[in-house]
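The primary structure of each chain is shown beneath.
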Amino acid sequence: MTPDIAIVGIGETAPVRRSPKDLRSLVMEAVYDALDDAGIAPGEVDGVVTDSVVMPTTVPHDYVMAQLGATSRFDGSISYGGAGIACSPLQAALAINAGLANVVISYFGVDWGTRPSGPYGFHDLYPAKQTFEKPYGFNAQPIYFGLWTRRYMKEYGLTPEQLGSVAVQQRQHALLRGGGQISKPLTIEDYLTAPRIAEPLGVPDCCLITDGAGAFVMTSNERARDCRKPPVHVAGTGFASIPVSGDSVFTQDPNVLTTPGAHPATEQALAMAGIERRDIDFVELYDCFTISVLMQLEDMGFCEKGEAGAFFEEGRAAIGSDLPINTHGGFLSYSYRLGIEHVVEAVRQLRGEAGTNQVANTRFGAVGGFSLPDYGVLVLSADG
Amino acid sequence: MTETAGDEFQPFWDAAAAGELRFPFCRSCQKFHWYPMIRCPHCNTADISWRAIDPTGSLYSWTVVQRPFDAAFNDRTPYVVGLLEFPDAPGVRLITNLVDIETDAIEFGMAAAPAFDLYDTAESRLMFRPNVKPARSLE
Ligand SMILES: [Zn+2]
């Protein structure tokens, strides 16, 4: 498949921990914002693709389409959370290029800043997790990733300073971007002395918690010519997984220090785009924790295994350096909306409208979406 | 016991109550798997037994949890979550709490044995005690 579609509109709500608006209002605000950005009337939308778990059970497609007054001709969903968002253009391209739909929206929103169970509600999906993990207090993502980090440090010699350089780098990008949930600078000393949550991970290693939403609009490259902003083309998409259930993936995967699916998904997306890793100008990847940034960067093939810590410590992930990573500050320092904001940021960069945090001369950007055991990759290209 | 625990999990707890550590073992392909599954994920047969193993594990990794994420743990922090491997059961890793050890003394590969003496059927938690005292023979 060669995708012949573009992202023509992006929208997002302001990053805040707690919003007085409910989730549906936040999502609709982002969707209207994205349609306005595209210059496409709500009634012209005729398809929806989201993740298949979180959105369908919180802000259903039919609710959104009814609110838009739009008649659906294509309704898709793929994976869940971040991988689903990164892969939603995969399904949108299949639908649009097959003539099943003309304008497809993708959206995602969370109210985990407000909702009591927050990001931990997914435990209810898995009886084995409830039985063999929760009673021991192995019951939250910082604890899972803390366990991984400890072992990763032993296997690859990662130092606390290297791990901290991810948090420090992304804070710098967030401050450059502006408007994020945190406005305070972070030094490596701040990082090393911050309170621990699940050792060796501390507060700056963990993503923020957010109430917010994002959305984007996709259409054919032909229709994209008539939109308000320059199109950003979907050059390649990738999806991959492994046969390990979501309740077992933090402990039982034989390759537990390797991001499942990241390598094959990246290969698929690059092959579809007809480019190589060296053609990628920046990467926005799913930074739920500092350690997961390092693992994904390696497993996507941008660094050798065990070398991403040094890559960050040497400043090579900074805007203006070798390969800028999470140019808006990501989940660690901007806001946590499970990957939709990474797509929005990649589009801003490729339009050249990022302003204070613009990467120079962007041609190709990659987005990595991580939802164990699934991985999604989106490769986007600038117009012209 | 949690209300959602399936019957397929009960043999683990029955074994713990009897002072044994047992994991699902496929008689057809002779491999362990964990967590319990409906059929063997390696060969897809249903010929699964619960095989008792030498219960001394080796510490693969651990984390010291300083901040509780569940109100039930408010008075337990800091606590240590460990992930154990077992020479007798390749492919199985077990989440547990490490007890009776100073956090600074925890090491990779450390041997840890089930604290059957602390096992409480009402709580369904089998904790492990790292073997930091002078070696005692395993029964
Ligand atoms: Zn078998």
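Being a predicted model, the structure only gives us computed values, none of them experimental.

Criteria and thresholds
- Residues numbered from 1 in each chain as written.
- Chains lettered and ligands numbered in written order.
- Predicted model: local features only at pLDDT ≥ 70, side-chain atom pairs only at ≥ 80, totals over all residues.
- Heavy atoms only, no water.
- Helix = DSSP H or I, 4+ residues; strand = E, 2+ residues; numbered from the N terminus.
- Buried < 20%, exposed > 50% of the residue type's maximum accessible area, 1.4 Å probe, protein only.
- Contact = heavy atoms within 4.5 Å.
- Areas by Shrake-Rupley, 256 points an atom, 1.4 Å probe, with all protein chains shown as cover.
- Expected span 1.5 Å × (residues − 1).
- Buried area = accessible area lost by both parts, 1.4 Å probe.
- Salt bridge = Lys/Arg side-chain N within 4 Å of Asp/Glu carboxyl O.
- Polar contact = N/O pair within 3.5 Å; in protein donor to acceptor, adjacent residues only side chain to side chain.
- Core = buried A, V, L, I, M, F, W, Y, C linked by side-chain atoms within 4.5 Å.
- Donors = N, O, S within 2.8 Å, 3.2 Å for Na, K, Ca; no water.
- Tetrahedral: all angles 85-135°; square planar, octahedral: opposite > 155°, others 65-115°.
- Pairing = 2+ DSSP bridges.
- Axes fitted to C-alpha atoms, helices over the stretch in contact; angles between N-to-C directions.

Colleague: Report on the overall build of chain B, specifying residues and quantitative values.
Modeller: When helices and strands are counted, chain B shows one helix and seven strands. Going residue by residue from the N terminus, the α and β elements of chain B occur as α-β-β-β-β-β-β-β. By the burial criterion, 43% of the 139 residues in chain B qualify as buried. Look at the contacts in chain B between residues 6 or more apart in sequence, and 50% of them connect residues 24 or more apart. Accessible surface for chain B amounts to roughly 7,200 Å². Of this, 47% is attributable to carbon and sulfur atoms.

Colleague: Any details on helix H13 (residues 340–351) of chain A? Residues and values, ideally.
Modeller: Residue and element names in this part refer to chain A. Taking 1.5 Å of rise per residue, the twelve residues of H13 would be expected to cover 16 Å, and the 17 Å separating its terminal C-alpha atoms lies within 8% of that figure. With respect to burial, H13 is a largely interior element, twelve of its twelve residues being buried. Along H13, the residues that are buried comprise Ile340, Glu341, His342, Val343, Val344, Glu345, Ala346, Val347, Arg348, Gln349, Leu350 and Arg351. Following H13 by one or two positions, Gly352 has its phi on the positive side, about 75°.

Colleague: Describe the interface of chain B and chain A, listing the residues and the values that go with them.
Modeller: Counting residues at the interface gives 35 residues for chain B, matched by 34 residues for chain A. When chain B packs against chain A, close to 3,200 Å² is buried across both sides, 61% of that on carbon and sulfur atoms. For chain B, the biggest contributors to the area lost against chain A are B:Tyr35, B:Phe69 and B:Ile95; these three give 23% of the whole. Counting across the interface, chain B meets chain A through zero salt bridges. Counting across the interface, chain B meets chain A through 16 residue pairs in polar contact (both at pLDDT 80 or more). For the side of chain B that touches chain A, the secondary-structure elements that each account for two or more residues are helix H1 (10–17), strand S3 (57–65), strand S4 (79–85) and strand S5 (93–97) of chain B. Counting residues per element, the side of chain B that touches chain A draws most heavily on S3(B), which supplies seven residues.

Colleague: Residue-level account of the nonpolar core, with values.
Modeller: By size, the foremost hydrophobic cluster in this structure holds 165 residues, and its most contacted members are A:Phe145 and B:Phe23. In terms of residue count, helix H1 (residues 23–38) of chain A provides more of this core than any other element does, nine residues in total. Apart from the residues within four sequence positions on either side, B:Phe23 is in contact with B:Phe12, B:Phe32, B:Trp34, B:Ser49, B:Trp50, B:Arg51, B:Ile53, B:Phe86, B:Ala89, B:Val92 and B:Leu94.

Colleague: Tell me about the coordination of the zinc ion, residues and numbers included.
Modeller: Residues and elements named next belong to chain B. Donor atoms from the polypeptide that coordinate the zinc ion comprise Cys26 (SG), Cys29 (SG), Cys40 (SG) and Cys43 (SG), at 2.3 Å from the metal. Considering all four donor atoms around the zinc ion, angles at the metal cover 101 to 117° and the coordination shape is tetrahedral. Expressed as a motif, the donor residue spacing for the zinc ion is C-x2-C-x10-C-x2-C. Of this pair, Cys26 sits in strand S1 (residues 21–26) while Cys43 is found in the loop between S1 and strand S2 (48–53), placing the two residues 17 residues apart along the sequence. A residue is classified by how much of its surface remains accessible, and Cys26, at 0% relative accessible area, is buried.

Colleague: Provide a residue-level description of helix H6 (residues 160–177) of chain A, including the pertinent values.
Modeller: Given 3.6 residues per turn, any residue in an α-helix points the same way as the ones three and four places further on. Counted at 1.5 Å a residue, the expected span for H6(A) with its 18 residues is 26 Å, and the 26 Å between its end C-alpha atoms agrees. With 13 of its 18 residues buried, H6(A) lies for the most part within the structure.

Colleague: Explain the sheet that holds strand S11 (residues 374–381) of chain A residue by residue, including any values.
Modeller: Residue and element names in this part refer to chain A. Across the sheet, which stays open at both edges, the nine strands sit in the order S3-S2-S4-S7-S1-S8-S11-S10-S9 with mixed pairing between neighbours. In this open sheet, the two strands that pair with only one neighbour each are strand S3 (74–77) and strand S9 (282–285). The average undirected angle you get between the axes of adjacent strands in this sheet is 25°. Where strand S4 (residues 103–111) meets strand S7 (residues 211–220), nine bridges bridge the pair, whose relative direction is antiparallel. In the sheet register, Val103 faces S7, and the bridge partner there is Thr219.

Remember that the coordinates give geometry; whether it matters functionally is a separate question.
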